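# Structural features, examined
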Amino acid sequence: MVLDMIKKMLTLSLITTGLSYAYADNWQATLDEAKGQTVNFNAWGGAENINDYIEWAGKNIKEKYGVTLKHVKLVDTADAIGRVLAEKAANNVNNGSIDLIWLNGENFRSLKENNFLHGPFSNDLPNYRYIDESSNKSLTLDFGTAVEGMESPWGKAQVIFIHDTETLANPPKSMAELLAYAKENPGRVTYPEPPQFLGTTFLKQALYELIADKTVLANPVDRVDFKQLTQPLWEFFNELHPVSWRSGTTFPSGSEEMIRLLDDQEIDVAFSFDTSAASVQISKGNLSDSVRSYIFDQGTISNTHFLAIPYNSTATAGAEVVANYFLSPEAQLQKQDSTVWGDLTVLNYEKMEKEHQALFDKQPRGVATLTLENLSNSVPEPHVSWVKALENEWRLRYAN
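Cut-offs applied
Residues numbered from 1 in each chain as written. Predicted model: local features only at pLDDT ≥ 70, side-chain atom pairs only at ≥ 80, totals over all residues. Heavy atoms only, no water. Helix = DSSP H or I, 4+ residues; strand = E, 2+ residues; numbered from the N terminus. Rg over C-alpha atoms; globule rule 2.2 N^0.38 Å. Buried < 20%, exposed > 50% of the residue type's maximum accessible area, 1.4 Å probe, protein only. Contact = heavy atoms within 4.5 Å. Areas by Shrake-Rupley, 256 points an atom, 1.4 Å probe, with all protein chains shown as cover. Core = buried A, V, L, I, M, F, W, Y, C linked by side-chain atoms within 4.5 Å. Salt bridge = Lys/Arg side-chain N within 4 Å of Asp/Glu carboxyl O. Domains from an automatic or database assignment. Buried area = accessible area lost by both parts, 1.4 Å probe. Polar contact = N/O pair within 3.5 Å; in protein donor to acceptor, adjacent residues only side chain to side chain. Nonpolar A, V, L, I, M, F, W, Y, C, P; charged D, E, K, R; others polar. Pairing = 2+ DSSP bridges. Axes fitted to C-alpha atoms, helices over the stretch in contact; angles between N-to-C directions. Phe/Tyr/Trp six-rings, centres within 6.5 Å; stacked < 30°, edge-to-face > 60°. Lys NZ or Arg CZ within 6 Å of the ring centre and 35° of its normal. pLDDT = per-residue confidence, 0-100. Parallel < 35°, antiparallel > 145°, perpendicular 65-115°, else oblique. Expected span 1.5 Å × (residues − 1).

## Section: the overall build of the protein
Per the secondary structure count, the protein includes 14 helices and eleven strands. The C-alpha radius of gyration of the protein comes to 22 Å, within 12% of the 21 Å expected for a compact globule of 400 residues. Projected onto the principal axes, the alpha-carbon positions of the protein cover approximately 75 × 50 × 35 Å. The buried share among the 400 residues of the protein stands at 56%. Summarising the internal contacts of the protein: among those between residues at least 6 apart in sequence, 81% fall at separations of at least 24. For the protein, the exposed area adds up to about 18000 Å²; of that, 49% sits on carbon and sulfur atoms.

Take a look at the structure:
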C-alpha cells in the first residue's frame, strides 16, 4: 500500500515535468532494486569539508532510499581508474569493487574509450530535468570528450581572480593587461608551476586569449600545428617571467600559497578554481575584508566534474540513485553553500521549481563571491590532449 502510494506520487510528479508513466515505472524499478545496496563511492578524500558533505549526503540517501553510501577516499582518482583496468585484465566483469567514481577529463576519456563504463544513464535520471545542456559546453563535452550520458554532472568550477581593492582598485582583466601590469610592477604577479593543475589552467587561459582561432582548441592536439599555434604563448611567458615574483625562478605551490602571498602583500593578483575561495579566506581571517573576486573580460576557464559508474559495478541501481540524489536541488543547494563546500551548482535556475529557486535566492553568498550572473562568461576546457603537450613544452622551456 505504502509503496503503491509512493509510486503514484512519483508518477504524478514525473508527469508534471513531461515524463511518461513508463519512465516512472522504470525509475521505481531502479529504486526497488537499489534498496539495501551498498555503493562504493571512490572520490578524492583530501578535503575535510568535501568529506563532510559526502557524509551528510550519505545519511540522507540512507534515510530516503535505503542505500548505503560508502566513501572510499582517494589520494588520486587515477588509483581508481587503475583498479577498474586491473579488474578488466583479470576478467572480473561482474564483481567490481567500485560502484561510483568522481572524475572528469582524462580519467573519463580513458574509461569511456575502453568501454569500461555503465550507461548511458545520466540523461534518464529524474533530476536531470534540471540540467540545461545548452547553458555550458562542459555539460556535454568533458575536456573535449562527448559525455553522451555516460557520466552525471555533479558540480562546476571556474577560474576567478582575486585582488585587494585597497591596493589594486582596477586589476588587469586580460592576459595582455596582466603582462603590462607585471612590467610596470615587477615581482607582483605569479602563477603555480605546471603540472600543478591550476598552473596548467593558467597556460590554457593564456593560450585561449592569445590565439586568433580559439575553436582549434576543441580538436586533439595532434591535429594542429602545435609549434606554430603556441608560439604566442611562449613569447608571452618569455616576457612575463623576468618581471614575475622572484623573477620567475620559483613558483607558488597552488592557490592557497598565492592567497597567502596576496595577504602578505608580496603579490597583487591571485587566482583559484574555487569561486568561494576569497570569501572563505576572509571569513577565516586570512584575507582582508577589502579583497574581491573577478573574472577576465573574455571569460575564464570553467569545467564540470562528474560521477560515473564502472561497467562491472555490483550496485548500478544504487549508484544511479546516488547520482540522482546528488543532482537534486536539496543536495546542490547544500554543496553550493560556501560554509559547506562552495561548489557551483550544475542546475539551471529557470528549470527549478519556484520553491527551489527561492532557496537558492536566499542562500547567503560570501562578500567576495561572484553571482552566477557574474560568472556566466566562461571559457570551455581545451581537448584533454592539450594538457600533457602544454605541460611538457613548458617544462622543456622553463623548468629549473
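From this point, things continue past the structure.
## Points about the nonpolar core
Judged by nonpolar contacts, the single largest core of 60 residues is most densely connected at Phe237 and Leu240. The next biggest cluster of nonpolar side chains, apart from the first, holds 42 residues, and it includes Leu100, Trp154, Tyr325 and Leu347.

## Section: the pattern of salt bridges
Side chains that carry opposite charge are capable of pairing whenever their charged atoms lie near each other. Per the stated rule, a full pass over the model turns up 15 salt bridges. The partner of Glu113 in a salt bridge is Arg109, with the nearest N and O atoms 3.6 Å apart. One end of the pair, Glu113, and the other, Arg109, are both in helix α5 (residues 106–113), four residues apart, so they sit about a helical turn from each other. Its salt-bridge partner being Arg397, residue Glu393 comes within 2.8 Å of it at the nearest N-O pair.

## Comments concerning the domain arrangement of the protein
Parsing the protein into structural domains produces domain 1 (2–154 + 305–366) and domain 2 (160–302 + 379–398). Taking only C-alpha atoms, the centre of domain 1 and the centre of domain 2 are 31 Å apart. Contacts between the two partners involve eleven residues from domain 1 and, on the opposite side, eleven residues from domain 2. A buried area of about 920 Å², summed over both sides, lies between domain 1 and domain 2, and 60% of it is on carbon and sulfur atoms. Our enumeration of links across domain 1 and domain 2 arrives at one residue pair in polar contact (both at pLDDT 80 or more). Among the residues forming the side of domain 1 that touches domain 2, the class breakdown is three nonpolar, six polar and two charged.

## Section: the side chain of Thr275
Mapped onto the elements, Thr275 comes out in the loop between β8 (270–272) and α10 (277–283). Apart from the residues within four sequence positions on either side, Thr275 is in contact with Gln158, Ile160, Gly342, Leu344, Thr369 and Leu375.

## Overview of the sheet that holds β8
With respect to topology, three strands assemble into an open sheet ordered β8-β7-β9, the strand pairing being antiparallel. In this open sheet, the two strands that pair with only one neighbour each are β8 and β9 (291–294). This sheet shows a mean twist of 30° between the axes of neighbouring strands, independent of strand direction. In this structure, strand β7 (residues 160–164) lies alongside β9, joined through four bridges in antiparallel fashion. Within β9, the position partnered with Asp164 by the bridge is Val291. Contacting β7 and β8, helix α9 (residues 255–263) crosses the sheet at an angle of about 150° to β8.

## With respect to the packing of aromatic side chains
Tallying each qualifying case throughout the model produces 29 aromatic pairs. Taken together, a centroid distance of 6.3 Å and an interplanar angle of 50° make the contact between Trp234 and Tyr398 tilted. Within this pair, whereas Trp234 is found in helix α8 (residues 226–240), its partner Tyr398 is found in helix α14 (residues 386–398), the two being separated by 164 residues in sequence. Among the aromatic residues, those joined into a ring-pair cluster are Phe161, Tyr191, Phe202, Trp234, Phe236, Phe237, Phe251, Phe271, Tyr294, Phe296, Trp394 and Tyr398. It is Lys214 that lies over the ring of Tyr208; its NZ or CZ is 4.9 Å from the centre. The ring of Trp341 is capped by Lys335, whose NZ or CZ atom sits 5.5 Å from the centre of that ring.

## Here we look at the confidence of the model for the protein
Per-residue confidence for the protein gives a mean pLDDT of 91; residues scoring 70 or more make up 94%. A low-confidence stretch, residues 1–18 stays under pLDDT 50, and its non-local contacts, those more than four residues away or across chains, total 16 contacts.

## Section: the packing of helix α12 (residues 329–336) against helix α13 (residues 354–362)
One can describe the packing of α12 onto α13 by two numbers: an axis separation of 11 Å at closest approach and a directional angle of 5°. It follows that α12 is roughly parallel to α13 by the angle criterion. Between α12, through Pro329, Gln332, Leu333 and Gln336, and α13, the contact on the second element is made entirely by His356, Leu359 and Phe360. Among the residues making up the contact of α12 with α13, the classes are represented as four nonpolar, three polar and no charged.

## Concerning unusual backbone geometry
Looking along the chain, the bond that leaves Gly119 and enters Pro120 is cis, with omega of 5°. Along the chain, Pro120 falls in the loop between α5 and β4 (141–142). The residue after Pro194, namely Pro195, is reached through a cis peptide bond having omega 15°. Among the structural elements, Pro195 can be located in the loop between α6 (175–184) and α7 (197–210). Even without being glycine, Phe143 reaches a positive phi, approximately 50°.

## Focus: α7
If you check α7, its first and last C-alpha atoms are 20 Å apart, about what 14 residues at 1.5 Å a residue would give, namely 20 Å. Counting buried positions along α7 gives twelve out of 14 residues, so the element sits mostly inside the fold. Capping the start of α7, Gln196 holds a side-chain oxygen 2.8 Å from the backbone nitrogen of Leu198, two or three residues further along.

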